[in-house]
Amino acid sequence: AKKGPTVFMLVGLQGSGKTTTAGKLARWLQKIHKRKPLLVAADIYRPAAVQQLQVLGEKLGITVFTAPGKSPPEICDEAYRLAY
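A. Fine view of a nonpolar patch on the surface. Taken together, Val 7, Tyr 80 and Tyr 84 make up a surface patch of nonpolar side chains, about 360 Å² in accessible area. On the secondary structure map, Val 7 appears in the segment before α1 (18–31).

B. Inspection of the nonpolar core at higher detail. Grouped together as the largest cluster of nonpolar side chains are 8 residues: Ala 22, Ala 26, Leu 39, Ala 41, Val 50, Leu 53, Ile 62 and Val 64. For this core, the elements supplying multiple residues, two or more each, are α1 and α2 (47–60). Look past the residues within four positions of Ala 26 in its chain and what remains in contact with it is Pro 37, Leu 39 and Ile 62.

C. Fine view of the environment of Pro 73. For Pro 73, the location among the structural elements is in helix α3 (residues 72–83). Taking relative accessible area as the criterion, Pro 73 reaches 58% and is therefore assigned exposed. With 31 residues separating them in the primary sequence, Pro 73 and Ala 42 have C-alpha atoms 8.1 Å apart.

D. View of the packing of aromatic side chains. Summed over all chains, the structure comprises 1 aromatic pair. An angle of 40° between the planes, with centres 6.1 Å apart, marks the rings of Tyr 80 and Tyr 84 as tilted. Take Tyr 80: its relative accessible area is 37%, and that puts it in the partly exposed class. Assessed through its relative accessible area of 61%, Tyr 84 is described here as exposed.

E. Representation of the packing of α1 against α2 within the structure. Where α1 contacts α2, the axes come no closer than 10 Å and their chain directions differ by 25°. Between α1 and α2, the crossing angle belongs to the class labelled roughly parallel. The interaxial crossing formed by α1 with α2 has right-handed handedness. Along the contact surface, α1 presents Thr 19, Gly 23, Arg 27 and Gln 30, while α2 presents Gln 52, Leu 53, Leu 56 and Leu 60. Across the contact of α1 with α2, the residue classes tally to 3 nonpolar, 4 polar and 1 charged.

F. Examining the environment of Gly 61 more closely. By the secondary structure assignment, Gly 61 is in the loop between α2 and β2 (63–65). Taking the C-alpha atoms as reference points, Gly 61 and Arg 27, separated by 34 residues in sequence, lie 9.0 Å from one another.

Reading the values: rules and limits
- The written sequence of each chain sets the order in which its residues are numbered from 1.
- Note on the predicted model: pLDDT of at least 70 is required for a residue's local features to be given, and 80 or more for side-chain atom pairs to be given and counted; whole-chain, interface and lining totals, by contrast, use all residues.
- Note: side-chain values were computed over all heavy atoms of the structure, leaving out hydrogens and water.
- Patches here: salt-bridge-free residues with over 30% relative accessible area, like charges joined within 9 Å, nonpolar side chains (Val, Leu, Ile, Met, Phe, Trp, Tyr) joined within 5 Å.
- Here the open area of atoms and residues is found with the Shrake-Rupley method and a 1.4 Å probe, where only the protein chains shown may cover a residue.
- Any Lys or Arg side-chain nitrogen located within 4 Å of an Asp or Glu carboxyl oxygen qualifies as a salt bridge.
- For the purposes of this entry, the term helix denotes a DSSP run of H or I that reaches at least four residues, the term strand denotes a run of E that reaches at least two, and both are numbered from the N terminus.
- Joining through side-chain atoms within 4.5 Å is the link that ties buried Ala, Val, Leu, Ile, Met, Phe, Trp, Tyr and Cys residues into a set, and such a set is a nonpolar core.
- Relative accessibility thresholds used throughout: buried, under 20% of the residue-type maximum; exposed, over 50%; partly exposed, between the two (1.4 Å probe, protein chains only).
- The criterion used for residue contact is that any of the two residues' heavy atoms lie within 4.5 Å.
- Each pair of aromatic rings taken from Phe, Tyr and Trp, with Trp reduced to its six-membered ring, is defined by centres within 6.5 Å and is described as stacked if the planes are under 30 degrees apart, edge-to-face if over 60, and tilted in the remaining cases.
- Fitted lines through C-alpha atoms give the axes, limited to the stretch in contact for helices. The angle between two N-to-C directions lies from 0 to 180 degrees.
- Throughout this description, any angle smaller than 35 degrees is read as roughly parallel, any larger than 145 degrees as roughly antiparallel, any in the 65 to 115 degree range as roughly perpendicular, and the remainder as oblique.
- Crossing chirality is assigned from the near helix's rotation relative to the far helix, an anticlockwise turn below a right angle marking it left-handed and a clockwise turn marking it right-handed.
- The nonpolar class holds Ala, Val, Leu, Ile, Met, Phe, Trp, Tyr, Cys and Pro. Asp, Glu, Lys and Arg form the charged class, and all remaining residues, Gly among them, are polar.

As structure tokens, then:
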């Protein structure tokens, strides 16, 4: 069996449903596959997107990683290390 985290990156235009899809995918991984998802708020250019992900994570009981003041690659790197 593979060790370590499995990474999914969702990319798309504003309003295309990335946050909703991330929530559904995380919930599915948690319920069906007994995994421990970590949602990562790396869209630093839209603070409302970070807040929306935090609200969704709280509603679903899924951890959301944020790192204010960091660049998207730094955020993803830190989140990966945390998930490992």
